[in-house]
Amino acid sequence: MTAHPDTSRPRWLPDALAGLALIALWALYFWRLFTPSDADVLSLREGDFSGQFVAFFSYQVERLGAGEVPLWNPYNYAGHPFLADTQSAVFYPPRLLTVALVNALDRTAPGELYAALQTEMALHVLLASLLMYAFVRRLTAASGAPRRASMIGGLVAALTYAYGGYLAGYPPLQLAVLEAGVWLPLALLAIFEATRGPRPGALCLALAGVALGLALLAGHPQTALFALYLSLAFLGYRLWLAGARRWRAWLPQFILSAALIGVVAGGLAAVQLLPGLEYLRHTSRSALPYAEKAHGFPPRDLLQVLFPGVVSQWSPLYVGIAGLALAGVAIWRRAAHSAFFALAGLAALVWSFGAGTAIFDALYLLGPGVSWFRGQERAAYLVAQCAAVLAGLGAASLIALPADPRAARRLARTLWTLSAFTAIAAGLWLTLWMGMDRARYETAGNAAVFATAVAALSALLLPRLLAGRLRGAWALLLVALVWVDLFSVTRGGPNYEPVRASDRLAEPAYLAGIRADLAPGARVDGLRGVFENYGTLYHVPDIRTISPLRLEGVERVLALPDDRAWELLAVQTVLTDWEQLMAPSAIVGVAQDALGPFNIHRLADPRPFAQLVYRAEVVPDEDAIYARLADPATSLEFIRSTALLAHATGSDLPADPPATFGVATVTRFAPEHIVIDVETPAPAILTLALPAYPGWQAAIDGERAPMLRAYGGLSAVALPDAGTHTVTLTYRPATFTVGALLSVATLALLVGGVGVARRARRARRG
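As the structure is a computational prediction, the values presented were derived from the model and not from experiment.

Focus: the overall build of the protein
In step 1: Summing up its helical and strand segments, the protein has 25 helices and 17 strands in all.
In step 2: Expected size for 766 residues packed as a compact globule is a radius of gyration near 27 Å; at 30 Å, the protein falls within 12% of this value.
In step 3: Dimensions along the principal axes, computed over C-alpha positions, put the protein at roughly 100 × 75 × 55 Å.
In step 4: Looking at the protein as a whole, 54% of its 766 residues are labelled buried.
In step 5: Entry remark: accessible area of the protein is about 32,500 Å², with carbon and sulfur atoms responsible for 62%.
In step 6: Across the protein, the centroid of the 59 positively charged side chains sits 22 Å from that of the 53 negatively charged ones.

Here you go:
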């Protein structure tokens, strides 16, 4: 039997070819990250990517490779709950895959870790393009667009999102932002499929929850919140379109559907979400004022919609001149769903200005979660999403609609007007360039000239498509125009440097000696020579960090005069270019970092990690404790010999301290398990240079003992009896246990639900 012409080749083949085209374009965009030629190679520049994400990634590789869950990190900020810091993304599935591959290949040197994480970044950009293609392809096909028009719309949307100004801007360096952001098209696609019938489909709604759960696990809650907002808005819009336009019918469906999405997303991410919420309550971030949280784009950033780079090194609002024109076509031609994405994009744009508009105050007060975060300019993420979808809808409508010469002439006039505007801007900048500072106006002039060229090409191509003069394979010129526009602007740029990733982050020679000299539990103040979160990367226990989430108690200790902070945090070595410190010290070495030479100071009498004291004062007011510690009248001898406690110990200390103090020796110092052998002639308080944090448990000779809060933000244990004791400290956060159980249960229910649905489908077919 001869096959019908329409079924002579697999239906999936055109989309597979489109996917291969996106992979090829991705390889063209990132080829310099992987080239073997040293003359051509690029890599992400160091900064947040290396100091935050590569450093934390190294700890994940080490601990997970050893079969351990990295709950606590002793190497930065005097110790902090590693898993609970959401940007660590410990249980993010793609990160787990990267960790497994790195360990399997034994590629764990710092430069190799850098290259592996950079590859993970690039692959997420590819994933963003494929998911956006799938969403817009389905959206336009369901609206009646022919296959060619639908595929071109999907390709345009994929390129606009993956290689537009937002995703090519700072997100590659802020890896959690990028990885949390790629999953929104999958959530929107799942919601679209779920709402195509009279009743929402549970499995597709669950898939939307999985996508949002992955966004949460990726480690940037603000981006996940943006994705949740747009997903819920799209859900409500789709239910309204599906016929539930009366509130009594619409609202129950919306609540049930949103609840299912939320339960799945929250359940999957609970293993990281619950510890993260607990951590947030103990960080200094919770006290940020309105002014810090209300910051957004200055209005001048709108210039970068047309002229990238004229205001800042990144242009997150740039979606390409061609993409902008196509988005306008979608709105003008009233393409299906264009009104929703236009309004959502406009709302996100207003949001991105923060307190620059009066609307933000209402969002801040009424929008769930809005007041938790700073950096409102990150709402550009939603602008980029909506603009990409609109560009895809516009491209599909140009090709799918019947030829309309009259509308084509109107479109041509509009685009030639845009070209004239950009040409005038180029002339003005050229005039300023010739008469003023050349370096200042070079970028702006280049951007204006390029915008003029792309606008002119758009004016030549788009009206011809609308008029029906270019059909068939010629429509691919639209994809080519978007490709040239975006790749020319966003490829390379300030994110990259001509250095091979594997050559980065070699351990400085001086750190080995510092590490070997440290007593168990002792720390370093890395004012120089360690920097950022490289304490974690090089196993040097630093009291500094660049993590945006910081324990408030440690933050306040570090705000004390240096000698007091060093005393309380058991600092033994200080790296600084100072010749003399606030505390007695000896310079034991001189080293050099990127800033020049610096000194390695060893404090003359550092406080050990565990110190026995025989006097205690109860000061319930934490502010009063820090004021007392900062007071010059409070001597270091007093701080070392007297515990300032938040609550009474419940045991009696000697009326007079013993003539000979006891000894506390740290015999094991692992991240979540510390063992201290104590010999004391009298009841005592064992003070610890350990941040006070929920989940730390103490045992004396195997019997549980309460953890005390000392010196405002640190820990202590009361020893009620004289003699020899073994004190064991174990970190077992209940939020991790509960979160892990919820995540496993959610995953099991999802797998079971898919199995039940498949059996039911087979039964209906049988």
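Picking up after the structure, the text goes on.
Re the packing of aromatic side chains
In step 1: All told, the structure shown has 40 aromatic pairs when counted by the stated rule.
In step 2: With 6.1 Å between their ring centres and 65° between their planes, tyrosine 170 and tryptophan 314 make a pair best called edge-to-face. On the criterion of sequence distance, the pair formed by tyrosine 170 in the loop between α5 (147-162) and α6 (175-181) and tryptophan 314 in the loop between α11 (290-293) and α12 (321-332) is long-range, its members being 144 residues apart.
In step 3: Looking at tyrosine 170, the relative accessible area reads 16%, which means it is buried.
In step 4: Residue class for tryptophan 314 comes out partly exposed when judged on its relative accessible area of 21%.
In step 5: Taken together through their ring pairs, the aromatic side chains of Trp26, Tyr29, Phe30, Phe34, Tyr163, Trp483 and Phe487 make up a single cluster.
In step 6: The ring of tryptophan 332 carries arginine 333 above its face, with NZ or CZ at 5.3 Å from the centroid.

A short note on the environment of tyrosine 237
In step 1: Following the sequence through the fold, tyrosine 237 ends up in helix α9 (residues 221-241).
In step 2: Between the alpha carbons of tyrosine 237 and histidine 673 there is a distance of 52 Å; along the sequence they are 436 residues apart.
In step 3: The contact partners of tyrosine 237, leaving out residues within four places of it in the chain, are His337 and Phe340.

A closer look at a nonpolar patch on the surface
In step 1: Judged by side-chain polarity, Leu17, Leu20 and Ile23 come together as a nonpolar surface patch covering roughly 280 Å² of accessible area.
In step 2: Tracing the sequence through the fold places leucine 20 in helix α1 (residues 13-34).

Digging into α9
In an α-helix there are 3.6 residues to a turn, and that puts residues three or four apart on one side.
In step 1: Spanning 21 residues, α9 covers 30 Å between terminal C-alpha atoms, matching the ideal 30 Å at 1.5 Å per step.
In step 2: Just downstream of α9 lies glycine 243, where phi reads positive at about 120°.

A few points about a positive patch on the surface
In step 1: Judged by side-chain charge, Arg406, Arg409, Arg410, Arg413, Arg464 and Arg469 come together as a positively charged surface patch.
In step 2: It is helix α16 (residues 405-435) that provides the largest number of residues to the positive patch, a total of 4 residues.
In step 3: Counting through the fold element by element, arginine 413 comes out in helix α16.

Quick notes on the pattern of salt bridges
Where charged atoms of side chains with opposite charge meet at close range, the side chains can pair.
In step 1: If you walk through the whole model with that rule in mind, you get 23 salt bridges.
In step 2: When the shortest N-O distance is used, the salt bridge between aspartate 525 and arginine 544 registers 2.7 Å. With a gap of 19 residues between them, aspartate 525 in strand β3 (residues 523-526) and arginine 544 in the loop between α20 (534-538) and α21 (552-558) connect regions that are remote in the sequence.
In step 3: On the basis of relative accessibility, which here comes to 0%, the residue aspartate 525 falls in the buried class.
In step 4: The residue arginine 564 makes a salt bridge to aspartate 563 at a minimum N-O spacing of 3.8 Å.

Overview of the packing of α12 against helix α15 (residues 380-400)
In step 1: With their axes 7 Å apart at the nearest point, α12 and α15 run at an angle of 70° to one another. With respect to each other, α12 and α15 are oriented roughly perpendicular. The handedness of the crossing between α12 and α15 is left-handed. Contacts between α12 and α15 involve Gly323, Leu326, Ala327, Val329, Ala330 and Ile331 from the first element and Ala387, Leu390, Ala391, Leu393, Gly394, Ala395, Ser397 and Leu398 from the second.
In step 2: Partitioned by chemical class, the residues of the contact of α12 with α15 number 11 nonpolar, 3 polar and no charged.

Let's talk about the sheet that holds strand β13 (residues 696-700)
In step 1: Spatially, 5 strands are ordered β10-β11-β17-β13-β14 in an open sheet, and the strand pairing comes out antiparallel. If you trace the sheet from one side to the other, it starts and ends with β10 (663-670) and β14 (703-705), each paired once. Each adjacent strand pair in this sheet contributes to an overall mean axis angle of 25°, direction not counted.
In step 2: Across 5 bridges, β13 lies against strand β17 (residues 723-731) in antiparallel orientation. Along β17, the bridge assignment pairs glutamine 697 with threonine 730.

Concerning the nonpolar core
In step 1: Judged by nonpolar contacts, the single largest core of 240 residues is most densely connected at Phe135, Leu462 and Ile676.
In step 2: Per element, the largest residue contribution to this core is 15 residues, and it comes from helix α4 (residues 110-142).
In step 3: Beyond its immediate chain neighbours, meaning those up to four positions away, isoleucine 676 contacts Phe609, Ala610, Ala664, Thr665, Val666, Thr667, Leu686, Leu688, His725, Thr726, Val727 and Leu729.

Section: the side chain of threonine 195
In step 1: Take threonine 195: it is sitting in the loop between α7 (184-194) and α8 (202-217).
In step 2: A polar side-chain atom of threonine 195 sits 2.8 Å from the main-chain carbonyl oxygen of isoleucine 191.
In step 3: Within the structure, threonine 195 has its side chain in polar contact with the backbone oxygen of phenylalanine 192 (distance 3.2 Å).
In step 4: Once you skip the residues sitting within four places of it in the chain, threonine 195 turns out to touch Leu235, Arg238, Leu239 and Ala242.

Considering the pairing of β10
In step 1: In terms of strand pairing, β10 meets strand β11 (residues 673-680) through 7 bridges, oriented antiparallel. Bridge pairing links arginine 668 to valine 675 in β11.
In step 2: Counted along the chain from β10 to the antiparallel partner β11, the turn is 2 residues long.

Calculation notes
- Residue numbers here run from 1 along each chain, matching the order of that chain's written sequence.
- Totals for whole chains, interfaces and linings use every residue, but because this is a predicted model, local features are given only for residues with pLDDT of at least 70 and side-chain atom pairs only at 80 or more, for both listing and counting.
- Only heavy atoms go into the side-chain values, all of them from the structure, while hydrogens and water stay out.
- Segments assigned H or I by DSSP are reported as helices when at least four residues long, segments assigned E as strands when at least two residues long, and all are numbered from the N terminus.
- In this treatment the radius of gyration is a C-alpha quantity, and the globule benchmark scales as 2.2 Å times the residue count to the 0.38 power.
- Three labels apply to residues, based on accessible area from a 1.4 Å probe with only protein chains included: buried if under 20% of the type maximum, exposed if over 50%, partly exposed otherwise in between.
- Residue-level accessible areas treat just the shown protein chains as cover; the underlying method is Shrake-Rupley with a 1.4 Å probe.
- By the counting scheme adopted, Arg and Lys are positive, Glu and Asp are negative, and His together with the chain ends is not counted.
- Every charge is mapped onto a representative atom, which is NZ of Lys, CZ of Arg, CG of Asp or CD of Glu.
- Note on ring pairs: Phe, Tyr and Trp rings are taken, using the six-membered ring of Trp, and paired if centres are within 6.5 Å. Classes follow the plane angle, with under 30 degrees stacked, over 60 edge-to-face and the rest tilted.
- Note on geometry: a ring has a charge over it if NZ (lysine) or CZ (arginine) is within 6 Å of the ring centre and within 35 degrees of the ring normal.
- By definition, residues are in contact when any of their heavy atoms lie within 4.5 Å.
- Grouping into patches uses exposed residues only, defined as over 30% relative accessible area, and leaves out salt-bridged ones; the cut-off is 9 Å for like charges and 5 Å for nonpolar side chains (Val, Leu, Ile, Met, Phe, Trp, Tyr).
- For this analysis, a salt bridge means a side-chain nitrogen from Lys or Arg found within 4 Å of a carboxyl oxygen belonging to Asp or Glu.
- Expected span of a helix, by definition, is 1.5 Å for each gap between consecutive residues, and there is one gap fewer than residues.
- For helices, the fitted axis covers only the stretch in contact; all axes are lines through C-alpha atoms, and the angles between them, taken along N-to-C directions, range from 0 to 180 degrees.
- For classification, angles of less than 35 degrees are called roughly parallel, those exceeding 145 degrees roughly antiparallel, those between 65 and 115 degrees roughly perpendicular, and all remaining angles oblique.
- Left-handed is the label given to a crossing in which the near helix is rotated counterclockwise from the far helix by less than a right angle, and right-handed is the label when the rotation is clockwise.
- Throughout, the ten residues Ala, Val, Leu, Ile, Met, Phe, Trp, Tyr, Cys and Pro are labelled nonpolar, Asp, Glu, Lys and Arg are labelled charged, and all others, Gly among them, are labelled polar.
- Pairing between strands is defined by DSSP: at least two bridges between the two strands are required.
- Buried Ala, Val, Leu, Ile, Met, Phe, Trp, Tyr and Cys residues form a nonpolar core when they are joined through side-chain atoms within 4.5 Å.
- Definition of a polar contact: a pair of N or O atoms within 3.5 Å, with one able to donate and the other able to accept a hydrogen when the atoms are protein atoms, and with sequence-neighbouring residues admitted only if both atoms are side-chain atoms.

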